[in-house]
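Given next are the chains, with one letter for each unit.
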Amino acid sequence: MDELTESMAPVAVQDIYARPLKSLRLSVTDRCNLRCNYCMPEPEYVWLPREDILTFEEMATLVGYFADLGVDKVRLTGGEPLLRRDLARLVRLLRQDRRITEVALTTNGVLLSECAQELYEAGLDRVTVSLDTLRPERFRQLTGRDEFARVQEGIESVGKTGFTNLKLDTVAIREFNEDELSPLIEFARHYHAEVRFIEYMDVGGANEWQMDKVLSQDMILDALARRYGRITALPDRGAAPAQRFCLPDGTIFGIIPSTTTPFCAQCDRSRVTADGLWYLCLYAGSGVDLRKPLRMNERPERMREIIRSGWAARRDRGAEQRKALERVGLRDRGLIEIDRLREDPHLEMHARGG
Ligand code: SAM
Ligand code: SF4
Ligand code: SF4
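What comes next is a walk through the structure. Per-chain numbering applies: the sequence of each chain, read as written, is numbered from 1 onward. Each chain gets a letter, beginning with A, and each ligand a number, beginning with 1, in the order they are written. Per-residue local features are limited, in this predicted model, to residues with pLDDT of at least 70; the limit for side-chain atom pairs, both in listing and counting, is 80 or more; totals at the level of whole chains, interfaces and linings are taken over all residues. Values reported for side chains reflect all heavy atoms of the structure, with hydrogen atoms and water molecules removed beforehand.

## Description of the overall build of the protein
Quick note on the threshold: Numbered from the N terminus, helices here are DSSP runs of H or I no shorter than four residues, and strands are runs of E no shorter than two. With C-alpha atoms as the basis for the radius of gyration, the globule rule is written as 2.2 Å multiplied by the number of residues raised to the power 0.38. Each residue is placed in one exposure class: buried if its accessible area under a 1.4 Å probe, protein chains only, is under 20% of its type's maximum, exposed if it is over 50%, and partly exposed if it falls in between. Residues are treated as being in contact if the distance between any of their heavy atoms lies within 4.5 Å. Per-residue and other accessible areas were derived by the Shrake-Rupley procedure at a 1.4 Å probe size, with only the shown protein chains allowed to occlude residues. Note that His is not counted, nor are the chain ends; the positive residues are Lys and Arg, and the negative ones are Asp and Glu. To locate a charge, the coordinates of NZ of Lys, CZ of Arg, CG of Asp or CD of Glu are taken.
Across its full length, the protein holds twelve helices and twelve strands. Taking 2.2 N^0.38 as the reference for a compact globule, 354 residues should give roughly 20 Å; the C-alpha atoms of the protein span a radius of gyration of 20 Å, in line with that estimate. Taken along its principal axes, the extent of the C-alpha atoms in the protein is 60 × 50 × 40 Å. Out of the 354 residues belonging to the protein, those deemed buried represent 57%. Sequence-distant contacts in the protein: of pairs separated by 6 or more residues, those separated by 24 or more amount to 75%. Entry remark: accessible area of the protein is about 15,600 Å², with carbon and sulfur atoms responsible for 48%. Averaging the locations of the 52 positively and 57 negatively charged side chains of the protein gives two centres separated by 3 Å.

As structure tokens, this is what we get:
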């Protein structure tokens, strides 16, 4: 892996709509130790073949090519990224490239207390824990596992390390956890964290998704304004997925309104799966195989050209297209049938990292 002194200065590349290539979500595994019913509702899954899963060195090499073209932020995700043994080693490898200014992690938190300190020392910048409920029984019902206590321990452990910017991501679902918006805000405040409510998305294997389960940004704001009073929107989110808001007492929270208010126009994000397929959009039906050329030892110029030309031709606006389907009453047609998901597990949210 190149040190800063040896690596080239980034050459910025833009897609068809002038969106830069900036942030990369790197899925390190498609396996998970929970079964959230909005993400993995099926009893059985087809997993990516083990021999196809990239080594940490291969991942770091790929990230280096992305950094050559302007990527400066990497988020480790999955499946559950902490299932990958010694993830801190990958963090250290990525941290050697100083063009990568931020390495972040999205985790369900179950294994976090065991490795938060080590990840911090390895140079991880940010942790986001996904947490949809504070009620152990509801947690079990949602995830199929009785792990709420371990997630809470994981959240507590983050505060005991040097991390200062913990985020809690909550998928807000009508008639499921809509009564927990303000308890989650209070919980986050207690742990000096910022909660972000995510609208339920009709993505990948979310086959239980229905529009009437989506707790929209407007509904969330109405409910919180009734509880706390006037809510102020903070300045424009730019390319960040979350719009941030402030309560009268200064507490900040975010909403990621991907379903009702897509932010595709600003999207600088792409995804690499654990087996090295590159997806230009969360909703993309197919990806670019980077594993094959990488394992064939393609020259760096060729690898960069594959990525550069892929991004330059990008016209994806997946969430906006779903929204357009909704206008003509066809949104449900966007869901992917179970047989197709079994044929190509890359279509699953847990394979492409959310
Ligand atoms: N397992 C890790 C976790 O849960 O944080 C990382 C991978 S998970 C796929 C990444 C994020 O995607 C999580 O915050 C999860 O809540 C979110 N997610 C999964 N399915 C979703 C859906 N149908 N709608 C909205 N968010 C979803
Ligand atoms: Fe839940 Fe994340 Fe696992 Fe999906 S990948 S089932 S969101 S913990
Ligand atoms: Fe980006 Fe695709 Fe999500 Fe739109 S739907 S914000 S283009 S990843």
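## Focus on the pairing of strand E6 (residues 194-199)
Within E6, six of the six residues are buried, which leaves it mostly tucked inside the rest of the structure. The two faces of E6 match: Glu194, Arg196 and Ile198 on one face and Val195, Phe197 and Glu199 on the other face are all buried.

## Things to note about helix H4 (residues 136-143)
We apply this condition: By arc we mean the arc of the directions from the helix axis to the C-beta atoms, nothing more.
What H4 keeps buried is the set Arg138, Phe139, Leu142 and Thr143. In an axial view of H4, the angular spread of the buried residues amounts to 115 degrees, which keeps them on one side of the axis. Where H4 is buried, its residues meet helix H5 (148-160). Count one or two residues on from H4 and you reach Gly144, which has phi positive near 75 degrees.

## Some remarks on the site of ligand 1
Just so we agree on the cut-off: If even one non-hydrogen atom of a residue comes within 4 Å of a molecule or strand, that residue is called near it. Here a polar contact is recorded for every N or O atom pair within 3.5 Å, except that within protein the pair must consist of a potential hydrogen donor and a potential acceptor, and residues adjacent in sequence are included only if both atoms are side-chain atoms. Under the convention adopted here, Pro, Cys and the residues Ala, Val, Leu, Ile, Met, Phe, Trp and Tyr are nonpolar, Asp, Glu, Lys and Arg are charged, and Gly plus all remaining residues are polar.
The immediate surroundings of ligand 1 are formed by 19 residues, with Tyr38, Gly79, Thr106, Ser130 and Met201 found nearest. Contact distances for ligand 1 include 3.1 Å between a nitrogen atom and a backbone N or O atom of Tyr38. At 2.9 Å, a backbone N or O of Met201 approaches a nitrogen atom of ligand 1. When ligand 1 is considered free in solution it has 550 Å² of accessible area, and contact with the protein chains removes 95% of it. Across the shell around ligand 1, the residue classes break down as eight nonpolar, nine polar and two charged.

## Regarding the packing of helix H1 (residues 56-68) against helix H2 (residues 87-95)
What counts here: Only the contacting stretch of a helix is used when fitting its axis, a line to C-alpha atoms as for every element, and angles between N-to-C directions run 0 to 180 degrees. We call two directions roughly parallel when the angle between them is under 35 degrees, roughly antiparallel when it is over 145, roughly perpendicular when it lies between 65 and 115, and oblique otherwise. For any pair of crossing helices, the crossing counts as left-handed if the nearer helix is rotated counterclockwise from the farther one by less than a right angle, and right-handed if it is rotated clockwise.
One can describe the packing of H1 onto H2 by two numbers: an axis separation of 10 Å at closest approach and a directional angle of 30 degrees. Between H1 and H2, the angle is such that the two are roughly parallel. Handedness of the crossing formed by H1 with H2: right-handed. Between H1 and H2, the contacting residues are Phe56, Glu57, Met59, Ala60 and Val63 on the first element and Leu87, Arg89, Leu90, Leu93 and Leu94 on the second. In terms of residue class, the contact of H1 with H2 is built from eight nonpolar, no polar and two charged.

## Regarding the packing of aromatic side chains
For the record, the criterion: Between the rings of Phe, Tyr and Trp (Trp by its six-membered ring), a pair exists once the centres lie within 6.5 Å; its type follows the angle of the planes, with under 30 degrees stacked, over 60 edge-to-face, and the other angles tilted.
Going through the model one piece at a time under the given rule, you end up with nine aromatic pairs. Where Tyr45 meets Trp47, the ring centres are 6.1 Å apart and the plane angle is 45 degrees; that geometry is what we call tilted. A residue is classified by how much of its surface remains accessible, and Tyr45, at 12% relative accessible area, is buried. The interplanar angle of 75 degrees and the centroid separation of 5.1 Å between the aromatic rings of Tyr120 and Phe163 together place this pair among those described as edge-to-face.

## A look at the pattern of salt bridges
What counts is decided by this rule: The working definition used for a salt bridge is a side-chain nitrogen of Lys or Arg within 4 Å of a carboxyl oxygen of Asp or Glu.
Under the defined criterion, the tally for this structure stands at 32 salt bridges. With a closest N to O distance of 2.7 Å, Arg140 and Glu137 form a salt bridge. Separated by three residues within a single helix, Arg140 and Glu137 lie in helix H4, roughly one turn from each other. By relative accessible area, Arg140 is classed as partly exposed at 36%. With relative accessibility at 49%, the residue Glu137 sits in the partly exposed group. Between Arg189 and Asp249 there is a salt bridge, and its shortest N-O distance comes to 2.5 Å. Of the two residues, Arg189 sits in helix H6 (residues 181-190) while Asp249 sits in the loop between strand E8 (243-246) and strand E9 (252-256), which places them 60 residues apart along the sequence. When salt bridges that share partners are traced, they join Asp202, Arg322, Lys323, Glu326 and Arg331 into one network.

## Brief notes about the sheet that holds strand E1 (residues 23-27)
Keep this limit in mind: At least two bridges found by DSSP between two strands is the condition for calling them paired.
Taken in spatial order, the twelve strands line up as E7-E8-E9-E6-E5-E4-E3-E2-E1-E10-E11-E12 in an open sheet, and their pairing is mixed. The open sheet terminates on both sides in strands that have one partner only, identified here as strand E7 (232-233) and strand E12 (288-289). Contacts from H2 reach E1, strand E2 (73-77) and strand E3 (102-107), with the element oriented near 170 degrees to E2.

## Looking at the side chain of Arg291
Note that Arg291 resides in helix H8 (residues 291-295). Classification of Arg291 as buried rests on a relative accessible area of 15%. Contacts of Arg291, omitting those with residues within four sequence positions, involve Asp52, Leu54, Asp275, Gly276 and Leu277.

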